Structure formats: structure tokens, C-alpha cells
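Here's the letter readout for the chains.
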Amino acid sequence: MAAAGAEAAAVAAEEEKRLPEGDPESGGDSEDEGDSDSSGDGEDEEKENEAEIQRLEEQLSINAFDYNCHLDLIKLLRQEGELVKLRRARQKMSELFPLTEEIWLDWLKDEIKMASESSEREKVYELFERAVKDYICPEIWLEYAQYSIGGIGQEGGIEKVRSIFERALTAVGLHVTKGTALWEAYREFENAILETAQPAPGSVPSSEQQQMLCSQLEKIHMLFRRQLGIPLLDMEASYAEYEEWSEDPIPETIIKNYKKALQQLEKCKPYEEALLGAETPKLAEYQAYIDFEMKAGDPARIQLIYERALAENCLVPDLWARYNQYLDRQLKVKELVLSAHDRAVRNCPWTVGLWIRYLLAMERHRVDHSIISEMFEKALNAGFIQATDYVEIWQAYLDYLRRRVDFTQDSSKELEELRSAFARAVEYLKQEVEERFSESGDPSCTIMQNWARVEARLCNNMQKARELWDNIMTKGNAKYANMWLEYYNLERAHGDTQHCRKALHRAVQCTSDYPEHVCEVLLTLERIEGTLEDWDAAVQKTENRLARVNEQRAKAAEKEAALAKQEEEKAEQRKQARAEKKASKKAKKTRIGDKRKADDDDEGEWGQEEEEQPSKRHKGDGDGELLEEDMEVETGLFGRSGPEKPDGPANQKEKASTSRKDIPKVLHDSSKDNVTVFVSNLSYNMADPEVKLKDLFESCGEVAEIRPVFSNKGTFRGYCYVEFKEEKSALQALGLDRKVVEGRPMFVSPCVDKNKNPDFKVFRYSTTLEKHKLFISGLPFSCTKEELEDVCKAHGNVKDIRLVTNRAGKPKGLAYVEYENEAQASQAVLKMDGLTVKEHVIKVAISNPPLRKVPDKPEAGRASQFAVPRQVYGARGKGRTQLSMMPRALQRQSNPVAKAENGMVQNSPATSSEHPEEPKKMSNADFAKMLLKK
């Protein structure tokens with residue numbers, strides 16, 4: 001029948017191809033031309049699909065763990081109707097990954113359509129068995145049970161259907177929201193059998209028929225009673241249906257169980273409603289539900305809620321780990337435990353902890369050694385993202401092999417296998433792991449240490465243990481006291497005094513971190529077991545070594561003290577320079593005040609303002625600046641009283657002073673922090689910031705006031721306060737953070753007084769290891785977010801891309817790319833590292849920013865050693881004529897340049913009335929002395 005059906009389908013397809021060419025029913029010439037055009041388009045699309053299928057197959061041959069590539073290939077093959085290739089592609093994917101409910105249902109429906117003979121039905125049954133093992137899915141179980149009803153006519157068909165229904169109820173019958181459908185389907189099946197068993201109208205049933213009718217009725221009664229004892233949605237409707245169906249009154253015990261189940265349902269409803277209202281993946285809601293069921297303690301319900309959570313969070317390793325731990329410690333059912341572990345490592349193969357738990361579970365349930373070894377080889381090929389992961393999986397496997405060995409025998413097959421595994425582990429970490437990660441992951445050689453312990457303690461082979469320790473010390477561990485003491489303890493327990501003494505003498509010579517400890521251990525050994533000659537030799541060796549160590553430490557202390565003294569001298573020089581600068585400014589202000597008193601007209605007009613204008617502004621007065629001298633205001637006063645010069649600097653100062661006079665002082669009301677946001681990093685050249693920002697922030701809500709902060713010269717300082725009418729508007733405005741305004745990213749943050757709220761934390765990007773996020777460097781500056789997304793989305797679902805920019809919004813050639821899970825990120829690293837983007841070779845790694853080194857805080861009242869005064873240059877930076885040809889060592893000794901404020905050097909001859917003291921002229925001999933001091 002299958003062959004005939006395939007032949008008929010081929011004939012129909014051939015007729016369809018002929019229709020556009022000459023079939024009279026196809027219409028006129030114009031329709032022929034249209035059909036031929038559409039046929040041509042279809043052929044082009046078919047060729048494109050074939051090329052895409054070939055490309056996907058080649059990609060999977062390179063990397064079989066590309067999940068998205070499998071999905072795309074299956075979709076295309078199903079679209080093209082390539083049933084043989086489609087079946088093969090699904091088979092390969094199912095061997096590597098657990099398939100989702102949607103993929104399984106599509107596969108099952110395709111196979112059901114093609115299954116006509118009994119042998120083909122058996123293959124569909126096998127497929128259903130594989131499907132129900134991947135995840136607990138009520139829809140798949142229901143489909144399985146309904147398909148089995150189609151084989152009811154075969155021998156044992158009814159019992160097979162009942163068996164499948166019973167397994168389905170065991171698996172998902174407790175599902176609060178979807179379990180009812182299975183119970184109803186089972187009852188409908190039993191009711192259908194009851195209908196067929198009814199005698200013909202008017203006939204008297206025989207005793208066998210009567211007995212079968214009673215048995216069937218009892219089955220349906222039992223199904224109703226079992227269902228009513230379980231908390232399920234729409235329980236009331238099921239109870240009403242039972243009342244209507246049953247001829248006898250419902251027993252009191254059933255009513256009691258039903259009410260108890262109703263009470264349990266009320267307790268479960270909040271958690272079910274939370275799941276219905278939450279967005280995927282609902283991990284927090286599922287965790288709360290799991291905690292609730294764990295307190296109740298019903299193993300079946302705990303298992304079901306774990307399975308429901310994993311169906312939607314299959315890529316969360318911690319959830320798998322908690323589930324497997326529960327199964328290992330509580331249920332301990334072999335098939336159930338091993339199935340869960342297998343699904344865990346297939347979903348999260350990059351998580352070494354899941355592989356280790358799987359190996360332990362297989363050993364615990366006495367799985368065959370060949371299967372465990374095969375599973376370990378799979379773990380090595382899983383693609384861990386850290387070198388230390390490979391050390392852990394090797395250690396777990398070596399522990400398993402060690403537990404298999406009977407050490408009472410001098411030699412055995414298991415012992416030789418253990419030794420070869422130790423040797424292979426060391427070689428694997430040295431070659432495979434070190435080549436990939438540039439490190440072995442085992443700097444302390446823990447695997448070799450364990451090997452040495454096994455040889456010494458269990459095999460009584462100290463010679464081999466010494467060879468191993470000699471190898472360990474040659475790998476850079478000889479300078480650590482704890483490594484020598486570990487070896488000494490091993491020799492002390494299983495070796496002899498001669499080798500202990502030899503080891504400690506070498507330790508005294510080589511140790512650099514804690515030599516006193518090693519010396520003390522050597523002296524203790526000789527005090528207990530050594531001769532007088534041994535004691536004298538040990539004392540002499542330790543004294544010489546400690547004398548050298550103390551000498552080195554004294555030199556280091558002297559050097560540190562000299563550096564500290566040098567820093568103190570520099571700090572004193574800076575302090576003296578600041579005092580001189582302050583005295584110069586004070587004298588200058590006095591002279592300016594005298595001039596103003598001589599000008600009666602100016603005094604009458606500006607006197608009051610002069611009294612109100614403070615000489616310094618302290619932090620918190622509205623602009624957030626530290627102490628700042630108001631020299632621009634004073635200069636502006638003199639500019640106003642002098643003659644007008646349209647293009648001169650005095651005229652510009654006059655305009656700035658006038659604009660500053662008209663702008664009220666910005667004072668922030670901290671009581672309105674909840675309705676205010678702080679906006680910064682705006683362009684200093686922004687015209688009318690109030691108007692510009694009001695148009696921007698009105699989309700978030702009604703704006704009460706915008707308070708931009710200006711300098712003394714009246715120029716915009718690039719930040720402001722935006723006050724809203726309502727608090728929700730301020731919260732919504734935080735969403736505009738880093739929006740580009742006039743070519744710069746605008747920073748929007750909550751308005752919080754950190755003096756009153758020291759624990760307030762502003763948003764900071766994560767500085768810890770994020771396994772699902774990539775760090776990309778070497779990007780061309782012209783690369784856009786969309787272009788980078790096109791490159792990255794080929795390796796997984798991209799959740800977010802952040803191009804790193806400076807404060808001016810200019811790109812730095814760096815980016816962070818966030819994927820949905822760790823597996824996609826690890827695959828992307830393998831594929832994208834070293835990729836060329838616009839003639840730039842990029843570097844890709846898992847995001848793990850290095851820790852920032854925080855410099856030591858200087859003492860109170862003392863300037864930091866790095867607080868070197870800055871030279872002031874023009875708007876375009878240092879020009880060629882400003883490049884200094886003097887050595888840096890000499891520049892440090894020169895008098896620091898006075899601090900520039902708002903583009904003006906305060907101690908320059910043009911602005912200061914008092915000339916600073918002339919620097920002392922230095923001869924060539926003075927320069928030579930300074931160089932020698934360096």
C-alpha cells in the first residue's frame with residue numbers, strides 16, 4: 001500500500017508539472033504565461049532552498065552542536081518535502097539534544113501520516129516512547145494515547161491502550177491545569193467500551209455479559225473517584241458529571257476526598273495564577289511553586305512541578321542540579337534518576353557539575369564500566385568554557401577508577417587502567433587544554449599530587465611518588481612553602497628520614513614566600529631524629545638563608561622608605577606651591593577691590609551684587625563643583641566699566657558677566673528628589689537647554705521645571721535638573737538614559753543625595769564573569785549595532801548588543817553581546833574569534849572584566865602622589881610648538897604651573913598684578929646632580 005501511495009503521489013506531481021505547459025483547462029495564453037512565470041519563480045526558490053540545505057548540512061558537519069542550525073535545516077526539509085532527509089535530520093538532532101514539545105509533535109504527525117502497516121505503527125510507538133522521555137508534556141501523552149486507540153483491533157489492543165493511559169496519568173495526571181483532559185479522554189475510552197458491551201435491545205444478557213458490564217462500570221466509577229481525589233481545575237464540573245452519571249449516591253469517603261482536594265486546589269491556585277500571568281521563562285514563579293510543594297512533601301507532585309519548570313527552563317543548569325539532587329537523595333529510582341541526569345547534560349553540556357553528578361549517579365546505580373567510560377568521553381567533548389572545568393571532570397573520573405581498584409593485589413587490570421588514566425589526564429591538560437585556554441587549569445598540579453598519594457599510600461611505590469613530585473616542583477612550584485611541606489608530609493608518612501631531610505634542605509634553599517616556616521620544620525626534624533652533625537648543618541643552613549632573606553627585606557624596606565620620603569617631599573612642595581598661589585590670588589583680589597572703591601558710579605550700581613556674590617562656591621550649592629575661584633566675575637566687572645571693544649576679549653567677558661547676572665543661582669530642593677532626575681553629559685554648546693530638554697522629557701510626563709547649571713561666565717555646564725509633576729514621570733524618564741542628544745549620549749540618573757543615602761547604588765554594568773555574554777574587541781569604528789547583530793545572530797538568539805563609546809559618544813571598537821544562554825555564547829566564541837569584519841580581525845571572549853586596581857588613599861590633609869598639576873593648552877590640545885624637549889625627570893623638579901580655571905592661567909603676567917618669584921637659575925652641574933639623584 002505504501003508503494004502504491006508513493007507511486008500515485010509521483011503521478012499526481014508529474015501531472016501538476018504538465019498543467020502549465022499544455023493542459024486545456026489551464027486557461028488562455030495569458031494564464032499560461034503567468035503560470036510559467038510562477039513556475040520559474042518556484043524553481044528559483046527551490047534552487048535557493050537546495051543551496052541553503054547544502055550549506056546547513058556542511059555547517060553541521062563542522063559543528064554538530066549548533067542548535068539553531070538543526071532547527072533551520074529541519075524547517076527547510078519539511079518545507080521541501082524531503083521526507084528521508086527530514087527523518088535523518090530529526091534523528092541526528094534528537095541524539096544530541098532533547099527536542100521540544102513542538103518539534104516532537106510535528107515529527108510524530110508526519111510519521112503518523114505515513115504509517116499504514118502494523119510494522120510502521122510499531123515504529124511510531126517507538127517514536128512516542130522516545131518523545132515522552134525528553135520532557136513531561138501532557139499534549140504528547142494525550143496524542144500517544146489517542147493514537148494507540150487506532151490499534152485497538154489488534155491482539156491485546158485494549159490492554160495496551162489502558163496501559164498507555166495509566167502511564168500518562170502517572171506522568172501528568174497531577175498536572176493542575178492540563179491533567180483534566182487526560183482523565184476525560186480515559187473515561188471516554190472506557191465509556192466507548194461500555195457501549196459496545198451493552199446487549200441488544202430486548203435481549204437478556206448472559207452471566208458473562210452481565211459480569212463484563214459490572215466490571216466495566218466499576219472501571220469508570222474508579223476513574224471518577226481517582227480523579228476527584230486530585231486537585232485539578234474544573235473539579236466542580238467533574239463532580240457534577242459523576243453525580244449525573246452514577247445511579248447510586250456518591251460514598252462519603254469520596255466526598256471527603258473531593259473536599260480535601262478542593263482545599264489543596266485553593267492553596268495551589270495562587271501559584272498557578274502567578275504562572276499564568278508571568279512572562280517566560282517564569283523561573284522565579286516556578287521556584288516559589290517548587291518550595292511550596294517541597295514543604296508539602298508529596299514526591300509525585302514535587303517531581304511534576306520540577307518537570308514543568310524544566311520544560312520552560314531547560315537551559316538553566318542550577319535548576320537541573322537541584323532536581324537531580326532531589327532525585328538522588330529522595331526517590332533513588334534508577335531509571336528515573338539516570339533519565340533526568342541524561343537530559344540535564346544534553347540540555348546544558350557546557351556545565352561540568354552536571355556531568356560529574358551524572359558519573360556519580362551511574363556509579364551509584366552500578367552501571368556497566370564501558371558505559372561510564374563512554375559517558376566520560378562525551379563529557380570531554382562537551383566544550384567547557386573554563387580550563388578548570390576539565391580538571392574537575394578528570395578528577396571525578398579518576399576518583400571513579402580509583403574506587404574500582406582492589407589494592408590488596410600487587411597488580412590488576414583496574415590498577416593499570418588507573419595509572420594510564422592519570423598519565424593521559426596530565427598529557428591532556430598539558431596539550432589540549434593549554435592549547436585552547438593558554439593555561440592547563442591546574443597550576444598546583446593537583447592531579448599529579450593525587451597520583452603521587454595513590455602510588456605512595458595504596459601501592460607502596462614511593463619511587464614513583466618521588467618522580468611525580470620532582471616533576472611537580474619543576475613546574476614553578478618550588479618557591480612555595482606549602483608545596484614542599486606537602487611533599488615532606490608524604491615522605492614522613494610513607495618514606496624515610498633521609499629523603500625527608502633532603503626535601504627540607506632543598507625547600508630552605510628554594511622557598512621564597514615563607515622561608516621561616518620551612519626552616520622551623522627542618523630544625524624540628526633534626527631536633528627529634530638528627531645527629532649533632534645534622535643539627536649543626538641545619539642550623540648553619542637556616543641561619544645563612546634567613547640572613548639573606550632579612551638582608552633582602554631590609555633593602556626592600558629602605559627602598560620603600562626612600563619612596564615614601566620622596567612622596568612626602570613632593571607633597572610638601574605642592575602644599576607650599578598652593579599656599580603661594582593662594583596668597584597671590586588674595587593680594588590680587590585686594591587690589592581689584594581698591595579699584596572698585598575708586599569708581600563711585602560702579603559702586604552705586606554693582607555694590608549690592610558684590611556683597612551677595614561669594615568668593616567661593618562650596619559643593620552642594622547647586623552646581624556640584626568643588627571650590628572654584630570667581631575670577632571671571634571680577635574680570636567681567638572691570639570689562640563693563642571700560643570702553644566697548646566689539647571683538648576683544650574684554651567685550652566677551654562683559655557679555656558673559658551680564659548673562660551670568662541674569663541667571664539665578666541654582667539651588668536644588670532635596671525634598672523633591674523623588675520627582676527629579678539629574679541629567680548630565682550634555683553638550684556645552686547646547687543653545688536654550690531648557691527648551692531643548694523640555695521637548696525631550698515631555699514625552700515622559702508633565703515637566704514642572706528644568707534647571708540648567710551655568711558657569712560664572714554664563715556658559716552651560718552640560719548638566720541640569722529636570723523636575724516633574726509626578727513621580728512616575730521621573731521613573732519613566734530614566735528610560736532615556738544614554739539617548740544620543742546632539743551627538744553625545746545623555747546620562748539620566750535618579751536625583752539622590754549620597755550624603756543622606758550612602759547606600760544608594762547607581763546603575764553599573766556587571767564586572768563579574770557572565771557566561772552568556774561576549775566581549776568583542778578590535779571592531780572597526782564604523783561598525784553599527786545592526787551590522788554586528790547580523791554577524792552574531794548566526795550563532796544564536798541575541799538578546800542585547802552594547803557598543804562601548806566614550807563620553808562624547810564616539811565608538812571605541814568594543815562591544816558586549818548578550819545571548820539567551822551559555823551554550824550559544826560558547827559556540828559564538830568558537831566561531832567568531834579571529835573573524836574579519838570590515839578588514840579588522842576581531843577578538844571574542846566570554847565577558848569577564850578584570851578587577852580594577854584601586855590606588856591606596858593618601859593620608860588626610862596630604863595630596864596624592866599622582867596629583868601632578870596639568871599644563872593648560874588650547875581648545876585643540878597640545879600643538880607642535882608646545883612639545884617640551886626637556887627630560888621628564890627634570891620637568892618633575894620644576895615649579896608646578898598654576899591651576900588654570902575656565903581657560904585662564906591665574907598666575908600669568910597678563911592677569912596677575914604681582915609677579916611670582918623668579919625660579920632659581922641652574923647650572924649644568926645642578927642638572928647633573930638632579931639626574932644622579934634619579
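As the structure is a prediction and not an experimental result, all values here were calculated from the model. (Residues numbered from 1 in each chain as written. Predicted model: local features only at pLDDT ≥ 70, side-chain atom pairs only at ≥ 80, totals over all residues. Heavy atoms only, no water.)

J.: Could you clarify how one ought to interpret the sheet that holds strand E7 (residues 798-805) in this entry?
T.: Each strand in a sheet pairs with its neighbour through backbone hydrogen bonds, running either in the same direction (parallel) or in the opposite one (antiparallel). Across the sheet, four strands lie side by side as E7-E8-E6-E11; this open sheet has antiparallel pairing. A strand with exactly one partner marks an edge of an open sheet, and here the two such strands are E7 and strand E11 (843-847). Between one strand axis and the next, the sheet turns through 25 degrees on average, direction left out of account. Taken strand by strand, helix H33 (residues 822-832) contacts strand E6 (770-777), strand E8 (811-819) and E11, and its axis lies near 25 degrees from that of E6. (Pairing = 2+ DSSP bridges. Helix = DSSP H or I, 4+ residues; strand = E, 2+ residues; numbered from the N terminus. Axes fitted to C-alpha atoms, helices over the stretch in contact; angles between N-to-C directions. Contact = heavy atoms within 4.5 Å.)

J.: Explain the packing of helix H23 (residues 481-494) against helix H24 (residues 497-510) here, please?
T.: Packed helix pairs are characterised by how far apart their axes lie and by the angle those axes make with each other. Contact pair H23 / H24: the axes reach a minimum separation of 9 Å and the direction vectors enclose 170 degrees. The orientation of H23 with respect to H24, classified from their angle, is roughly antiparallel. Residues Trp 484, Tyr 487, Tyr 488, Glu 491 and Arg 492 of H23 lie in contact with H24, whose contacting residues are Thr 497, His 499, Cys 500, Ala 503, Leu 504, Arg 506, Ala 507 and Cys 510. Taken together, the residues of the contact of H23 with H24 break down into eight nonpolar, two polar and three charged. (Parallel < 35°, antiparallel > 145°, perpendicular 65-115°, else oblique. Nonpolar A, V, L, I, M, F, W, Y, C, P; charged D, E, K, R; others polar.)

J.: What's the story with the pattern of salt bridges in this structure? I'm lost.
T.: Any two side chains of opposite charge can pair if their charged atoms end up close together. Under the counting rule described, the total for this entry stands at 41 salt bridges. Notably, a salt bridge pairs Glu 526 with Arg 501, separated by 2.6 Å at the nearest N-O pair. Placement of Glu 526 in helix H25 (residues 515-529) and of Arg 501 in helix H24 is noted, with a sequence separation of 25 residues between them. Residue Arg 501 is classed as buried on the basis of its relative accessible area, which comes to 18%. (Salt bridge = Lys/Arg side-chain N within 4 Å of Asp/Glu carboxyl O. Buried < 20%, exposed > 50% of the residue type's maximum accessible area, 1.4 Å probe, protein only.)

J.: Whenever I open this one, the pairing of strand E3 (residues 716-724) confuses me. Can you help?
T.: Remember that side chains alternate between the two faces of the sheet whenever the strand is regular. A large share of E3 lies buried, amounting to nine of its nine residues. Linking two consecutive strands that pair antiparallel, namely strand E2 (residues 703-710) and E3, is a turn of five residues; a positive phi of about 90 degrees is found at Gly 714 within it.

J.: Before we go on, may I ask you to explain the sheet that holds strand E1 (residues 676-680) in this structure?
T.: Pairing is antiparallel in the open sheet, where five strands are placed in the order E2-E3-E1-E5-E4. At either end of the open sheet lies a strand with only one pairing partner, and these are E2 and strand E4 (739-741). Direction aside, neighbouring strands of the sheet carry axes that sit 30 degrees apart on average. Inspection of the sheet shows E4 paired to strand E5 (residues 744-750) by three bridges, in the antiparallel sense. What sits directly across from Val 741, in E5, is Arg 744. Contacts from helix H30 (residues 689-697) reach E1, E2, E3, E4 and E5, with the element oriented near 140 degrees to E2.

J.: Help me out: how do you make sense of the state of the cysteines in this one?
T.: Formally, a disulfide is one covalent bond, and it connects the sulfur atom of one cysteine to the sulfur atom of another. A full pass over the atoms with the stated rule returns zero disulfides. As a non-bridged cysteine, Cys 314 has Cys 348 as the owner of its nearest cysteine sulfur, 7.2 Å distant. Here Cys 792 is not cross-linked by a disulfide; its sulfur's nearest cysteine counterpart is in Cys 783, at 8.5 Å. The buried category is assigned to Cys 792, whose relative accessible area is 0%. (Disulfide = S-S within 2.5 Å.)

J.: Quick question: what am I supposed to make of the confidence of the model for the protein here?
T.: Close reading of the predicted structure is inappropriate where its pLDDT is low. In this model, the protein carries a mean pLDDT of 80, and residues with pLDDT of at least 70 account for 77%. The weakest mean pLDDT in the protein belongs to helix H28 (residues 631-641) at 36; the strongest belongs to helix H17 (residues 352-364) at 97. Here residues 652-657 is modelled with pLDDT under 50, and outside its nearest four sequence neighbours on either side it reaches eleven contacts, counting other chains as well. This stretch, residues 855-884, has a pLDDT under 50; its non-local contacts, to residues over four places away or in other chains, come to 19 contacts. (pLDDT = per-residue confidence, 0-100.)

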